[in-house]
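A closer look at the structure
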2 protein chains.
Amino acid sequence: MNLILISPEECVGGRCVLRDARADHLRTVLRVVAGDRFLAGVVDGPIGTATVREVSADAVAFTFAPEREGPPPWYDLVLALTRPRSLRRILFQSATMGVRDLFLVGAEKVEKSYFQMHLLRPEEYRPVLIDGLMQGKSTAMPRVRLIPKLRDLWAALPEVGTRLIADPAPNVGAPALGPGAPIIAIGPDGGWTDAERAAFAAHGFAPVSLGPRPLRTDTAAVALPAVVGHCLHTTGHR
Amino acid sequence: MNLILISPEECVGGRCVLRDARADHLRTVLRVVAGDRFLAGVVDGPIGTATVREVSADAVAFTFAPEREGPPPWYDLVLALTRPRSLRRILFQSATMGVRDLFLVGAEKVEKSYFQMHLLRPEEYRPVLIDGLMQGKSTAMPRVRLIPKLRDLWAALPEVGTRLIADPAPNVGAPALGPGAPIIAIGPDGGWTDAERAAFAAHGFAPVSLGPRPLRTDTAAVALPAVVGHCLHTTGHR
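Residues numbered from 1 in each chain as written. Chains lettered and ligands numbered in written order. Predicted model: local features only at pLDDT ≥ 70, side-chain atom pairs only at ≥ 80, totals over all residues. Heavy atoms only, no water.

**Some details on the pattern of salt bridges**
Residues and elements named next belong to chain A. Applicable threshold: The term salt bridge refers to a side-chain nitrogen of Lys or Arg lying within 4 Å of a carboxyl oxygen of Asp or Glu. Helix and strand assignments follow DSSP, with helices taken as H or I runs no shorter than four residues and strands as E runs no shorter than two, numbered in order from the N terminus. For each residue, the accessible area found with a 1.4 Å probe, counting protein chains only, is set against the maximum for its type, and the residue is called buried under 20%, exposed over 50%, and partly exposed in between.
For the structure shown, the criterion picks out 20 salt bridges over all chains. Put simply, Arg-15 and Glu-54 hold a salt bridge, and the shortest N to O gap is 3.0 Å. Of the two residues, Arg-15 is situated in strand S3 (residues 15-18) and Glu-54 in strand S5 (residues 46-55); the sequence distance between them amounts to 39 residues. Since its relative accessible area comes to 44%, Glu-54 is described here as partly exposed. With a shortest N-O distance of 2.5 Å, Arg-143 and Asp-101 are connected by a salt bridge. Pair noted here: Arg-143 is in strand S9 (residues 143-147) and Asp-101 is in strand S8 (residues 99-105), with a separation of 42 residues, a long-range link. Using a relative accessible area of 46% as the deciding quantity, one classes Arg-143 as partly exposed.

**A few points about the side chain of Gln-135 of chain B**
The condition is simple: Contacts are assigned to residue pairs with any non-hydrogen atoms lying within 4.5 Å of each other.
With respect to the secondary-structure elements, Gln-135 of chain B resides in helix H3 (residues 122-135). In this structure, Gln-135 of chain B is in contact with Pro-214, Leu-215 and Arg-216 of chain A together with Asn-2, Phe-92 and Thr-96 of chain B, ignoring residues within four places of it in sequence.

**A few points about the packing of helix H2 (residues 84-97) of chain B against helix H6 (residues 217-234) of chain B**
All names here are of chain B. To keep things clear, this is the line we draw: Each axis is a line fitted through C-alpha atoms, and for a helix only the stretch in contact is used; angles between axes span 0 to 180 degrees, taken between their N-to-C directions. In this scheme, roughly parallel covers angles under 35 degrees and roughly antiparallel covers those over 145, while 65 to 115 is roughly perpendicular and the rest are oblique. Crossing handedness is read from the near helix: turned anticlockwise from the far helix by less than a right angle, it gives a left-handed crossing, and turned clockwise, a right-handed one. Throughout, the ten residues Ala, Val, Leu, Ile, Met, Phe, Trp, Tyr, Cys and Pro are labelled nonpolar, Asp, Glu, Lys and Arg are labelled charged, and all others, Gly among them, are labelled polar.
Running from N to C, H2 and H6 cross one another at 15°; their axes reach a closest spacing of 9 Å. It follows from the interaxial angle that H2 and H6 lie roughly parallel. Crossing handedness for the pair H2 and H6: right-handed. Where H2 approaches H6, its residues Ser-86, Arg-89, Ile-90, Gln-93 and Met-97 are matched on the opposing element by Thr-217, Asp-218, Ala-221, Val-222, Pro-225 and Ala-226. Of the residues contributing to the contact of H2 with H6, the split by class is six nonpolar, three polar and two charged.

**As for the packing of aromatic side chains**
Here is the rule we go by: Paired rings are identified among Phe, Tyr and Trp, the last through its six-membered ring, by centres lying within 6.5 Å, and are further divided according to the angle between planes into stacked (under 30 degrees), edge-to-face (over 60) and tilted (the rest). Placement of a charge over a ring requires the Lys NZ or Arg CZ to be within 6 Å of the ring centre, with the centre-to-atom vector within 35 degrees of the ring normal.
On inspection of all chains with the given rule, the structure shows 12 aromatic pairs over all chains. Relative to Tyr-75 of chain B, the ring of Trp-74 of chain B lies with its centre 4.5 Å away and its plane at 50°, an arrangement referred to as tilted. Accessibility expressed as a relative area gives 9% for Trp-74 of chain B, which makes it buried. These aromatic residues form a ring-pair network of at least three members: Trp-154, Trp-192, Phe-200 and Phe-205 of chain A. The aromatic ring of Phe-92 of chain B is capped on one face by Arg-216 of chain A, whose charged end is 4.0 Å from the ring centroid.

Written out as structure tokens, the structure is:
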């Protein structure tokens, strides 16, 4: 945990109290005592310094002084819904990397039963996202949107932002990036169907190749944002 | 499995027989029958077409006609040894992405006991690498090198190849890439110590930033090769 992320409701009158895994981390890994300071942040709010006030067997109490805004999220991810173990990893890693909106979509090669998984309940995925944000020293909570029918995706997408789709075809050049948060689409392990691929093209998604080797969904969901982030950085857009 | 990878010793007199998870995949997922063809490759050898000759309850027999070389591996990875679950994922994903040599090194913030883990035995990690190669339609088996003492790393590295080290510092520009397979170093989750960082610098490793957000080891081990591969591709080096 590179930053301890707290929810506004965990602080009352300037005093914050934690009792869960974050408190365990503070007590047993960072071994804080009263007076110690650590990096903290507020969900969808600032980053700042926490000062420990009291450590007990089951809780850590501290005050928090905000100092700066957290880093802004910078991309949206359209992800063909994958199995729970893979999704858990993608949620964590996407939150770390700075995702803004996470559109979890159905597709021909996505099992419909996946949309019933426990991990899609906010109380299940939110702790995973918080862990990812703490890894990435970030505070902006990604928004998760469930879209079981792909045809409902298009109306849900932001109008601004370069639209990119991972494509195993070789020799598609560097992505041309315009203003706004790029929207990155990653298909199911079995790939999109031709009709789905055509629908993405019709809605302005340009193919981006990650080389001749087909990547598993969870690999592509890290690799393509990393490449796009690097391109934004070197072109001064980020 | 995008390609079925076979070892030379699994083929005798032009006839290959599989009895493990690969045979199960052929029978129950691809549902092959005699006469069907599928994409296959030989470890450290060519890719070609397999033709099914016989399917029984516990085995699939086929002939194999080589057609072309597998894609060449294109980078080396120096990885501070991580816990087994993370390492398993990195082995798979690195094999998929095209790693050549995998140097698993000790460091101040790497638990020494990690070097005792079962997964470091060839019979344990080889199936993981094979799965990763099959995902990436590749045949070149990565070489795993265990280097418990970081000071023994330098003599083991190839002389040619741009040396890069993931660095959480912001604003380090695009990597300048020379000839040869780049050598990419990824630190432990707790980071390298200053002395270790200095040793990497003294041995020619240039820092590359992946942005202001610190990534977990398994995320960085995908993100940095993806960025470097993209840069090699756009500069015509790959």
